[in-house]
Amino acid sequence: MSEKDVKNQEDIGSTVKAAETAAEQVEEAFAEMAEELTGDSARIDELEKALEEAEAKVAENMDLALRTKAEADNIRRRSEKEVTNARKFAIEKFANEMLAVVDSLEQGLAHEAKHEESVAMKEGMELTLKMTLSTLEKFGIEQLNPVEEVFDPQLHEAMTMVPSPAHESNTIIDVFQKGYSLNGRLIRPARVVVAQ
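This report concerns the structure included in the present document. Computed from a prediction, not measured in an experiment: that's the story for all the values here.

## Observations concerning helix 3 (residues 116-138)
When the terminal C-alpha atoms of helix 3 are compared, their 33 Å separation across 23 residues agrees well with the 33 Å that a helix rising 1.5 Å per residue should span. Taken as a whole, helix 3 has its buried residues at L129, T132 and L136. Taken together, the buried residues of helix 3 touch helix 2 (92-110) and strand 1 (141-144). Of the residues one or two after helix 3, G140 is the one with positive phi, at around 85 degrees.

The structure is reproduced here in structure tokens:
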């Protein structure tokens, strides 16, 4: 073999060796890339799972926030209602005590005045009763005098029932003691006589 042929063979051998080295490097690069892709895929799966967990937590927190807001609104409304009722019905005990005074005045006025002094006293009692009822009305206390109305057990207390051909059955024919309500709420039922 000639020198030239040997040199060509050496060149071919070194080219083959260089090609083999290059192929090995390419394989190593592909292996590294495949490894990186596998790692990236695992990382992507991991991130997707973390995202799902975060979204679930956000939904849970949003639900909790909405429930908390609704509960706070309910508490606020309940408190406002309680404050309003406290204002409306704060004088209920006082009103009940005043009703005894009104009853006494009405009973005193039911008696006949025979003397001049009695007539003057009766006029004074009438004015006092009128002023007292007017003052009670200013504070939301309403007098219930249900004569000739239909008996309602939620508003009236039947003291007795009497046969009365002049009245329909279940009609109130007489009132022993008038009833009272405070801002629409009954504080004392009217005590009545009902027709059978």
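## What to know about a nonpolar patch on the surface
On the surface, V26, F30 and M33 cluster together to form a nonpolar patch covering roughly 310 Å² of accessible area. Turning to its location among the elements, F30 is positioned in helix 1 (residues 3-89). What makes F30 exposed here is its relative accessible area of 55%.

## Quick notes on the sheet that holds strand 4 (residues 179-182)
Reading across from one edge, 1-4-5 is the order of the 3 strands in this open sheet, with antiparallel pairing throughout. Of all the strands in the sheet, the pair left with one neighbour each is strand 1 and strand 5 (185-188). The average undirected angle you get between the axes of adjacent strands in this sheet is 35 degrees. Note: strand 4 against strand 5, 3 bridges, orientation antiparallel. Among the inter-strand pairings, L182 is bridged to a residue of strand 5, identified as R185. Sitting on the sheet, helix 2 touches strand 1, strand 4 and strand 5, and the angle it makes with strand 5 is about 55 degrees.

## Some points on unusual backbone geometry
Its identity is not glycine, yet E148 carries a phi of approximately 70 degrees, on the positive side. Mapped onto the elements of the fold, E148 is located in the loop between strand 1 and strand 2 (156-162). Backbone geometry at N170 places phi at a positive 70 degrees, although glycine is not the residue there. Take N170: it is sitting in the loop between strand 2 and strand 3 (172-177).

## What to know about helix 2
The terminal C-alpha atoms of helix 2, which comprises 19 residues, lie 27 Å apart, in line with the 27 Å expected from a rise of 1.5 Å per residue. Residues of helix 2 that are buried: A95, L99, V102, D103, L105, E106 and L109. Here the buried residues of helix 2 occupy an arc of 170 degrees about the axis, which is enough to place them on one side. Counted as exposed and oriented over 90 degrees from the buried face of helix 2: K93, F94, E97 and Q107.

Rules of the game
Residues numbered from 1 in each chain as written. Predicted model: local features only at pLDDT ≥ 70, side-chain atom pairs only at ≥ 80, totals over all residues. Heavy atoms only, no water. Helix = DSSP H or I, 4+ residues; strand = E, 2+ residues; numbered from the N terminus. Expected span 1.5 Å × (residues − 1). Buried < 20%, exposed > 50% of the residue type's maximum accessible area, 1.4 Å probe, protein only. Contact = heavy atoms within 4.5 Å. Patch = residues over 30% accessible without salt bridge, like charges linked within 9 Å, V, L, I, M, F, W, Y side chains within 5 Å. Areas by Shrake-Rupley, 256 points an atom, 1.4 Å probe, with all protein chains shown as cover. Salt bridge = Lys/Arg side-chain N within 4 Å of Asp/Glu carboxyl O. Pairing = 2+ DSSP bridges. Axes fitted to C-alpha atoms, helices over the stretch in contact; angles between N-to-C directions. Arc of directions from axis to C-beta.

Structural measurements only, silent on function.
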